[in-house]
Amino acid sequence: MELSGVGIWSSQLRYGDPAEAADAAAELDDLGFTALWIPDVGGPVFDAVERLLAATKQTVIATGILNLWMHAPDDVAKSHAALSAEHADRFLLGIGVSHAPLIDAKQPGRYRKPLAATASFLDGLDAAAQPVPVERRVLAALGPKMLALAASRARGAHPYLVTPEHTATARSVLGDGPLLLPEQTVILCDDADEARRIGTEWLRAYLALPNYANNLLRSGFSADDLAQVSDRLFDAIIAWGDEAAIMRRVAEHQAAGADHVCVQVLAADQRAFPREQWRRIAAACNA
């Protein structure tokens, strides 16, 4: 599985109306997006993966990410094997350790030693009756230790909420072989105030999670940038403007070493499927 080009990262495909999700996935497949990425913050994730695989013909369906605290490795391996056999190996298993505030909210103290927990989960996938092949899994990775684990025990890394500068750093850690598949959030509008109205509270929610906050501090942003959601931080994380502006940011990730960029569209109604924006991005990709 050699991913390239541009994909779509979408919570709507995972948690929106199932019938519309299937219809939208079929259109995204026809539009030429090479992968569709869905999150996992609870619920039957493999049902969603199966629905999207059934609705598409060529595109890869990827979890971005499967939350390892919510699944047993044996069950994951069994589901991966079944879905891969039925759908021509188009299922990419993205695995992540999530965030302490989310995991500890229900079971205080459960989230600990994230690197060791990830390695243990991978051990379980390797030991399963039908192991998940290394080339069919990637890791959510931000810092150097998790990136190194992604290079040694997976096909590569899927960093989320990152800049092209982080992509360059990640590539230097991964080396030349592993896949690097960063997510890039975008807003298709030309007005800075409107973009900030759409994206600021969305971004603020992620900045409250230590893994993202710490990564941005490592990347050179200040505590004030994070506390205020400064324009500098906003513009670095969220690409906004017309199609040309979006494609410039995608190209920056690619120039920094990304093999594939997962574009997440934010719109005024963040629960609705942003299908018109997806069509505009597809047209720009194919221009």
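From a predicted model like this one, the values you see are computed outputs, not experimental measurements.

Quick look at helix 13 (residues 243–256) now. An ideal rise of 1.5 Å per residue puts 20 Å on 14 residues; helix 13 measures up with 20 Å between its terminal C-alpha atoms. For helix 13, the N-terminal cap is D242; the gap from its side-chain oxygen to the backbone nitrogen of A244 is 3.2 Å. Following helix 13 by one or two positions, G257 has its phi on the positive side, about 120°.

Right, let's talk about the nonpolar core for a bit. If you look at the biggest cluster of nonpolar residues, it comprises 59 residues, and the most contacted ones within it are L13, V49, L93, I95, L125, V263 and W278. Per element, the largest residue contribution to this core is six residues, and it comes from helix 3 (residues 45–55). In this view, L13 contacts A21, A24, A25, L28, L36, I38, L52, F273 and W278; residues no more than four positions away in its chain are not counted. Within the second largest apolar cluster, 36 residues are counted, among which are L142, L207, I237 and L266.

The feature "domain: Luciferase-like" (unreviewed entry), as given by UniProt, occupies residues 13–260 in the numbering adopted here. The span residues 13–260 carries 54% helix and 13% strand; its end-to-end C-alpha distance comes to 19 Å.

Right, let's talk about the side chain of S98 for a bit. Tracing the chain through its elements places S98 in the loop between strand 5 (91–96) and helix 5 (100–104). Contact partners of S98, with chain neighbours within four places excluded, come to N67, W69, I103, Y111 and N211.

Attention now moves to the pairing of strand 2 (residues 35–38). Each regular strand shows side chains that alternate between the opposite faces of the sheet. Because side chains alternate across strand 2, one face comprises the buried residues A35 and W37, and the other comprises L36 and I38, equally buried. Pairing between strand 1 (residues 6–9) and strand 2: two bridges, direction parallel. Opposite I8, over in strand 2, you have L36 as the bridge partner. Two elements, strand 2 and strand 3 (residues 60–63), share four bridges in a ladder whose sense is parallel.

Criteria and cut-off values
- Residues numbered from 1 in each chain as written.
- Predicted model: local features only at pLDDT ≥ 70, side-chain atom pairs only at ≥ 80, totals over all residues.
- Heavy atoms only, no water.
- Helix = DSSP H or I, 4+ residues; strand = E, 2+ residues; numbered from the N terminus.
- Expected span 1.5 Å × (residues − 1).
- Polar contact = N/O pair within 3.5 Å; in protein donor to acceptor, adjacent residues only side chain to side chain.
- Core = buried A, V, L, I, M, F, W, Y, C linked by side-chain atoms within 4.5 Å.
- Buried < 20%, exposed > 50% of the residue type's maximum accessible area, 1.4 Å probe, protein only.
- Contact = heavy atoms within 4.5 Å.
- UniProt positions renumbered as here; feature names shortened; annotations may be inferred.
- Pairing = 2+ DSSP bridges.

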